[in-house]
Each structure stands twice: as C-alpha cells, then as structure tokens.
Amino acid sequence: MALIGAPTIGLLLFYVWPFVNLIVEAVDIESTRETLGRERTRSIIWFTTWQAVASTLSTLVVGLAPAWVIARFEFTGRRFLSSLLTAVFVLPTVVMGAAFLALLPDSLDRTVWGVIGAHVVFNLAVVVRTVGAVWEHLPTDMEAAASTLGASPFVVFKEITLPLIRPALTAAAAIVFLFTFTSFGVIRVLGAPGTRTIEVEVWRRATQLGQVDQAAVLALLQLGVLAAVAVWSSVAARRHSRALELRPLSRPQRPRTKAERRAIPLIAGVTAVVAVAPLAALVISSVSSPTGWTLSGWTGLDSAEIRPGINVGVDPVAALTNSVQTAAWATAFATIIGGLASLGIAAAGRAGRVLDAGLMLPVGTSAVTVGFGMLITFDRSPFDWRATWWIVPVGHALVAVPFVVRTTLSVLRSVDNDLSAAAATLGASPTRAWREVVVPHLWRPLAVGSALAAAISLGEFGATSFLSRSGGETLPIAIEQLLGRTGSLLQTKGYALSVVLAAVTIALVMVVDRTGDVAGARRREGNDGRR
Amino acid sequence: MAGADVAAENISVGFDGTPVLRSVSLLAASGEVVALLGASGSGKSTLLRVIAGLVTQDAGRVTIGGRDVTAVPTHRRKVGMVFQDNQLFPHRTTFENVEFGLKLAGVDRARRRTQAAHWLERVGLEGFGPRRVTELSGGEAKRVALARTLAVEPPVVLLDEPLTGLDRELHDQLVIELDELLHETASTAILVTHDVAEANALADRTLRLDELHGP
C-alpha cells in the first residue's frame, strides 16, 4: 500500500488538484463566451487544426517510402538510418525549431511552411517505426500471391499492402496529429503572430497578457480535442485490427531487381539527407556570423554580456548549470516515484491499474497544461511554492514518471512468477524471495528510465515556460530567448547552446536504445520459451 | 484456357554471392503435370519463383507458350501460384479471395459471382463465401488457395510445396483432390515437393532438381 501511496499523493497534489483548479477557472460562462467569441480565438483554432492535419498527412506521405525501405531491405547503413531518425525524433522541440531556423532561408523563417517542414522531419520516426513494425511482419509472399493473380505493383499496394498496414498508419497518424496539434517549442522558435497554436496561445494569454481565464478555456478546449482523437484512434484500431498472424520476421532482403537497386539507395540517401540537414545547419550556424566563420558563439558562452557592460539578461552557462541541477532532481524524483509506482502497480490489482492510467495522464494532457495548472494553483499561502527550487523539477518529473513506469513495469511483468514460487519452495520468505528474485532485475530498467527522465527534463519547455523564474532559466528557455533576439552574436550563442543540448539528448537516448534492446531481447526470449 | 508449355533455360541465381541455381533447365509440355523433387534448400522453390517472375535470374531465360517472358513482370505472365502457407488475404472474405484474380482480369460482377461460387463448390466449400479466411481450418484454407489460383484458369500453375505441413489424413485426402483438379484443368502444372510418394501420385513426370543442373 505504501508503494502505491506515495505516487498517488504526488499525482493528486501536483497533477489532479492543479487540473481541477484549471477546470474551475475555465468553467465560467462569461469567459467561455468571451474567449470563443473572439475572432482571434477562432483563427487560432483553425490554424492549429489545419497545420496539424497538413503536418500529419505530409509526414505519412514522406515517411512511407523510408518505412518500406527499412522494413523490407537490407543495405549498408540500414541500422544507422533508423537510429538517425530516432535521434531526430528525441530532440527537444526548441532544438528542432532552432535547427529549422538555421536551415531555412530567411524568406521561409517564421512561416507556416517552416513549421510544417520541422514537424515532418521531427515525426518521420513515428511513421517509420510504427508502420515499419507491421510492414516487417507482412509476408512478401502475400504480395507475390496477388501479383501472380494479375495485380500490378500499384494494385498490390492499394489492395493488399495498404489495407494491411492501415491500422499502423492510423496509429501513426493519431500520434503525429497529437504531437503537432499541441506543438509548442517548435512554434515558439519558428512561429510568428499568424502561426500560433492553441498551446502557444494558452501560454501567451496566461503569462504575457494575464488573461488566465481565457487561457484556461483554451487549454480545456484543446484537451477535448485530444481526448476525441485518442478515442477515435482506439476505436479505429479496434475496427481495423484483424488477426494478422504475426509471423516471424521475413528477413530484410538485399535489393535484387534493377528498379530496387536504384530506388533503395535513393530513398535511403534522401531520407538521411533530410534528417541530417537540420542538425548540420545547426552546427554550421553555431560557428558562423554574417561576416564569416567565428567561434565567438562558443567562446562567449560564459558571459551574459554582448558588449562590455551591456547585459541582455540571458546567461548561457548559468542556464546550463540550472538545467543540469534541474535534470538531476527531476531524474531523482521520477526514478524514485516511478520505481515505487511500478512495484505497487505490479503488486496491486485494480488499484494498480488506476494508478498506472493516472500516471499516464500528464503526458496525454500536454506539458503546457501541466505547467499552467501548477502556476495557478501554487500561488497562495500555504501552497505558495512557485519560488521554490523544486517546483520545476517536480513539473518535469510528472512528465517523466510514465516513461520510468513503462520501462520498469515491462521488465517486472516478464519476471516469471514461477521463479518466486521456486524460491519459496526453497524456504525463502515472501520478502526474501522478492529481494532475491525481483530486485536484481530492477536496476537495468531503472537506469534506462532515469536516462529517459534526464533527457526529458533537459529538453522540457512547455511546463518550464510557466514555472521557471527570471535567473532560473533552463537551456531550452535560454535558447528560445537568445534566438528570439536580434543580433548575430546572440543568435550564434543560441545555436551553440542548441548543439550542446542536442548532443547530450542524443547521447542519453542512444544509451537507452542500446540497453533497451538488451531488455527487449530478453523479453522475446522469455516469450519464445513459453510458447 | 489451354495450357502453355514452359521452358526455363540455363537459369542461374545467386543470393548475396552464394549460387543457388547453376544453369538449370526445365521443360514442361502443355497440359503436363510435372513434379520437381529436391531436398529443402536445394533451390527448387527459387526455380518456381524465377518462372513466376518473383525472383530475377542472373542468367538464362524463361519462355511460356513460346514467348520469352524474361522481361515480363509477374502480373502479366499469366502464371498462377499456390504457396505453401496459402497467403490468403486476411482482410478479405473467402469469396473475395477467390474472385480477386477475376476482378483484376476485368470479369464483370455477375460472372465473378457465379465463377467464384463454382470454384468454391468444386473444392468442396460450397457456402463458405462469406467466411473470414482467418477462421478457416488448415484444409479449408488450402482449398481456398487452390480455388483462388485456378479460378482465373491460368495457362500455367505453379505449386510450391502445396501439401507440406498438413496432417497425414488431410494430406492423403488432398492428394486425391489435387490430382483430380490438376488433371481436369488444361493448365500446365509444375509442382515442387520433397515427398517422393506425393510426386508420384500427382505428376505425369517427376524430375530431380540435381539432375537439371547444367554442365
């Protein structure tokens, strides 16, 4: 019970209560009417929706070819290409915005095309991984059977392949839509007044204009849309799910026909360029100025001054220190709470499942909503916690805990019950059996979970935008501020900081990917053994 | 449709540098049922796939009815194929599986309906049309696969280990049914198997792959 107790209290105090406050703030006929009646609001809802739809469709179209190539063919650099797309996907949103700012010509900066482009490259991995996972299992002989019946390659794709990968496509579309509908960091860096999402508008009205009630109405409205999409995608998934016997993978083949030998390197090459270009542009921009190459962006990182005596109030090194400290605490909170919660969920029945679902909520409701709720809740004595050092790490931990729980729980559940039973028959008390059998399996998933938590905390921008105070800026906040100012030195510094953040995030996630593979492989072995 | 003679001449195929077929030649006369015997991994399936156009050969040529089809894609070769694991389309009903080839051949709806029903009846599955193929038993699925291939009456039918992996009783039953089906239709049939008794029961002529290799 204690295992469930601590995470539950944390969830109630830092998520549920702020969330209820948000609803109370929003449920007010007058402010609802005023908010929705404004022309500005309607145009923002419209923009948010259409850019999300356009981003989602573009991502699906662009992602299909690399998904096919990676799922079906063996070629030099296949694993690298897959890792590369994952690395891009895990970049903090602000870094992705910065990368596109660096990549695009000035004429496209701060336009909707830049935003959609960033969304597409960002989310390619979702399509490649989700759709590819099904495509890998689709027997090539099923397509061969269709072509022996007279179906041309196009008809095979339309009549056989597409219907069979559609559940995965639907799932990928839902995920990409949710990400792009709630786009915040990318738009804060890349957007302009005409290209604001609801998420950005919530932040603007709440923190810049002081219209807390209107911001709350918009936050709830967005939540309604998110819930509707989530319900739709799970219904669609159920309707389209068919008993596709998931065969052992048909191993990827080397391209054989002349057409394949031409198409595969082309698709793989173009995909790699699309993924690398923004990162390369970021690095190049961090060492260039209008007058040529320069290292001043990097050498000047330890100073907030742009000229002797002139201070713009953004201190890169201080931001780095803040970020590392915040990430350390957020990781500690998330690992402890997530670890306890996993043990509790695994041990308890229904209460465990409720807690499991509850802990997922902060991820589903968007970080901005989490930050906003906390902002308006913890501003009154005796809960006036907004100035405390721990409120930002707690906000990050709320978002990171589900990732710790997911990794830990999957390993916990794969630990065979028979092992504990065997230990018991050898004379071990339940506690002893648990300590000997279960605990040794916990370290690796907890390490993976904490690396994920650290990566999430370092890049977190949504909640931090509401919670961080002047002087307490984290890296993403500092990057957004630097890139938002004019002056090439400030911009160069912003790019340099983005490179640092990108490198650290990618390194952390690569470690997770390696270790995660080991855990995954062990789980598969376990399954095979049971069959 | 009448059967067509099939000639695979001096076919060589290698996968990732490992030779699988070395200058293999095979002839099947129009309407003949030929069984191709060989150990697993000997490349007999690969030879079938070369004839169907599913695997591109490194050397050699394939003619069907006297026409060189080496450069013709699978869907225009008019070669039907039955796979060991059937490869029924899981998102289509039994009926929709059987009519698939007819639909692509441009047969109108009414005729598709009668023809598909006819072939289902012929393989002993009358009334199975609306069923989901994922709910069929092993023997039923095999019969649907046969009906789907034969429904378009292809001049050439290729069968890749069609009866492997079925239990003994069902296997023996299907040998009898398949024998009737293959000899009733005019199609040329090439059957790949590793089971000598099955080959002898079904085929007019039995070949061993290792005897087909060139010098």
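Residues numbered from 1 in each chain as written. Chains lettered and ligands numbered in written order. Predicted model: local features only at pLDDT ≥ 70, side-chain atom pairs only at ≥ 80, totals over all residues. Heavy atoms only, no water.

## Some points on the sheet that holds strand E1 (residues 6-15) of chain B
All names here are of chain B.
Thinking step 1. With respect to topology, four strands assemble into an open sheet ordered E2-E1-E4-E5, the strand pairing being antiparallel. Since the sheet does not close on itself, it has two edges, and those belong to strand E2 (18-28) and strand E5 (67-68), each with one partner.
Thinking step 2. As judged from the seven bridges shared by E1 and E2, these two strands associate in the antiparallel manner. Considered in E2, the bridge of Ile11 is made with Val24.
Thinking step 3. Most of the contacts of helix H1 (residues 44-52) go to E1, to which it runs at about 120 degrees, and overall it touches E1, E2 and strand E4 (59-64). (Pairing = 2+ DSSP bridges. Helix = DSSP H or I, 4+ residues; strand = E, 2+ residues; numbered from the N terminus. Contact = heavy atoms within 4.5 Å. Axes fitted to C-alpha atoms, helices over the stretch in contact; angles between N-to-C directions.)

## Some words on the sheet that holds strand E3 (residues 33-37) of chain B
Strands pair in a sheet through their backbones, by hydrogen bonds, and they do so in one of two ways: parallel or antiparallel.
Residue and element names in this part refer to chain B.
Thinking step 1. On the basis of which strands lie adjacent, the open sheet formed by five strands has the order E6-E7-E8-E3-E9 and parallel pairing. With partners counted over all chains shown, the strands left at the sheet margins are strand E6 (79-82) and strand E9 (205-208), one partner each. The mean angle between the axes of side-by-side strands here comes to 20 degrees, regardless of whether they run parallel or antiparallel.

## Description of the environment of Leu57 of chain A
All names here are of chain A.
Thinking step 1. Secondary-structure assignment places Leu57 in helix H3 (residues 39-72).
Thinking step 2. For Leu57, a relative accessible area of 52% gives the class exposed.
Thinking step 3. Remark: the alpha-carbon pair of Leu57 and Ser107, spanning 50 residues in sequence, is separated by 24 Å. (Buried < 20%, exposed > 50% of the residue type's maximum accessible area, 1.4 Å probe, protein only.)

## A look at the packing of helix H5 (residues 93-103) of chain A against helix H12 (residues 258-286) of chain A
Residues and elements named next belong to chain A.
Thinking step 1. Across the interface, H5 lies against H12 with an axial gap of 8 Å and an inter-helix angle of 75 degrees. In terms of their interaxial angle, H5 and H12 are classed as roughly perpendicular. Counting all contacts with H5, which are made through Val95, Ala98, Ala99, Phe100, Ala102 and Leu103, the residues of H12 involved are Ala277, Pro278, Ala281, Leu282 and Ser285. (Parallel < 35°, antiparallel > 145°, perpendicular 65-115°, else oblique.)

## Considering a negative patch on the surface
Thinking step 1. A surface patch of negative charge is lined by Glu25, Asp28, Glu30 and Glu34 of chain A.
Thinking step 2. Along the chain, Glu30 of chain A falls in helix H2 (residues 29-37). (Patch = residues over 30% accessible without salt bridge, like charges linked within 9 Å, V, L, I, M, F, W, Y side chains within 5 Å. Areas by Shrake-Rupley, 256 points an atom, 1.4 Å probe, with all protein chains shown as cover. Salt bridge = Lys/Arg side-chain N within 4 Å of Asp/Glu carboxyl O. Lys, Arg positive; Asp, Glu negative; His and termini not counted. Charge placed at Lys NZ, Arg CZ, Asp CG, Glu CD.)

## Considerations on the pattern of salt bridges
Residues and elements named next belong to chain B.
Thinking step 1. The tally for this structure, following the rule as stated, stands at 22 salt bridges over all chains.
Thinking step 2. With a closest N to O distance of 3.5 Å, Asp68 and Arg61 form a salt bridge.
Thinking step 3. Given a relative accessible area of 38%, Asp68 falls into the partly exposed group.
Thinking step 4. For Asp172, the salt bridge goes to Arg168, with nearest N and O atoms at 3.8 Å. One end of the pair, Asp172, and the other, Arg168, are both in helix H5 (residues 168-184), four residues apart, so they sit about a helical turn from each other.

## Things to note about the environment of Ala117 of chain B
Thinking step 1. Relative to the assigned elements, Ala117 of chain B resides in helix H3 (residues 109-122).
Thinking step 2. Taking C-alpha positions, Ala117 of chain B is 8.0 Å from Gly127 of chain B, a pair spaced 10 residues apart along the chain.

## A closer look at the interface of chain A and chain B
Thinking step 1. Contact with chain A, which involves 25 residues of that partner, is made by 29 residues of chain B.
Thinking step 2. Roughly 2,300 Å² of surface becomes buried between chain A and chain B when both sides are summed, with 62% attributable to carbon and sulfur atoms.
Thinking step 3. When residues of chain A are sorted by the area they lose upon contact with chain B, Thr148, Leu149 and Arg256 of chain A head the list and together hold 33% of the total.
Thinking step 4. Linking chain A with chain B are two salt bridges.
Thinking step 5. Note that Glu159 of chain A and Arg92 of chain B form a salt bridge whose closest N and O atoms lie 2.3 Å from each other.
Thinking step 6. Contributions of two or more residues to the side of chain A that touches chain B are made by helix H7 (140-148) and helix H8 (153-181) of chain A.
Thinking step 7. For the side of chain A that touches chain B, the leading source of residues is H7 of chain A, giving seven residues.
Thinking step 8. For the side of chain A that touches chain B, the residue count by class is 14 nonpolar, five polar and six charged. (Buried area = accessible area lost by both parts, 1.4 Å probe. Nonpolar A, V, L, I, M, F, W, Y, C, P; charged D, E, K, R; others polar.)

## Focus on the packing of helix H6 (residues 112-135) of chain A against H8 of chain A
Residues and elements named next belong to chain A.
Thinking step 1. One can describe the packing of H6 onto H8 by two numbers: an axis separation of 9 Å at closest approach and a directional angle of 140 degrees. The orientation of H6 with respect to H8, classified from their angle, is oblique. The way H6 lies across H8 gives a crossing that is right-handed. Across from His119, Asn123, Val126, Val127, Thr130, Val131, Val134 and Trp135 in H6, the residues of H8 making contact are Phe157, Thr161, Leu164, Ile165, Ala168, Leu169, Ala171, Ala172, Ile175, Val176, Phe179 and Thr180.
Thinking step 2. By residue class, the composition of the contact of H6 with H8 is 15 nonpolar, five polar and no charged. (Left-handed = near helix turned anticlockwise from the far one by under 90°.)

## Examining the side chain of Thr335 of chain A
Thinking step 1. Among the secondary structure elements, Thr335 of chain A is positioned in helix H14 (residues 316-347).
Thinking step 2. Side-chain polar atoms of Thr335 of chain A contact the backbone oxygen of Thr331 of chain A, separated by 2.5 Å. (Polar contact = N/O pair within 3.5 Å; in protein donor to acceptor, adjacent residues only side chain to side chain.)

## Re unusual backbone geometry
All names here are of chain B.
Thinking step 1. Positive phi outside glycine occurs at Asn86, with the angle close to 65 degrees.
Thinking step 2. Of note, Asn86 is situated in the loop between E6 and helix H2 (94-104).
Thinking step 3. Overall, Asn86 belongs to the buried group, its relative accessible area being 12%.

## What about the packing of aromatic side chains?
Thinking step 1. Per the stated rule, a full pass over the model turns up 14 aromatic pairs over all chains.
Thinking step 2. With a centroid separation of 5.9 Å and an interplanar angle of 45 degrees, the aromatic rings of Phe89 of chain A and Phe179 of chain A are classed as tilted. One end of the pair, Phe89 of chain A, is in helix H4 (residues 78-89); the other, Phe179 of chain A, is in helix H8, with 90 residues separating them in the sequence.
Thinking step 3. By relative accessible area, Phe89 of chain A is classed as partly exposed at 29%.
Thinking step 4. By relative accessible area, Phe179 of chain A is classed as partly exposed at 41%.
Thinking step 5. A centroid spacing of 6.0 Å and a plane angle of 40 degrees characterise the contact between Trp329 of chain A and Phe333 of chain A, whose relative ring orientation is tilted. In this pair, Trp329 of chain A and Phe333 of chain A are both assigned in helix H14, four residues apart and thus about one turn of the helix distant.
Thinking step 6. In this structure Phe333 of chain A comes out as partly exposed when scored by relative accessible area, which is 23%.
Thinking step 7. Members of the aromatic cluster, each reached through a chain of ring pairs, are Phe14, Trp17, Phe378 and Trp390 of chain A.
Thinking step 8. Above the ring of Trp203 of chain A, the side-chain terminus of Arg188 of chain A is found at 3.5 Å from the ring centroid.
Thinking step 9. Arg131 of chain B extends its terminal NZ or CZ atom over the ring of Phe128 of chain B, reaching a point 4.1 Å from the ring centre. (Phe/Tyr/Trp six-rings, centres within 6.5 Å; stacked < 30°, edge-to-face > 60°. Lys NZ or Arg CZ within 6 Å of the ring centre and 35° of its normal.)

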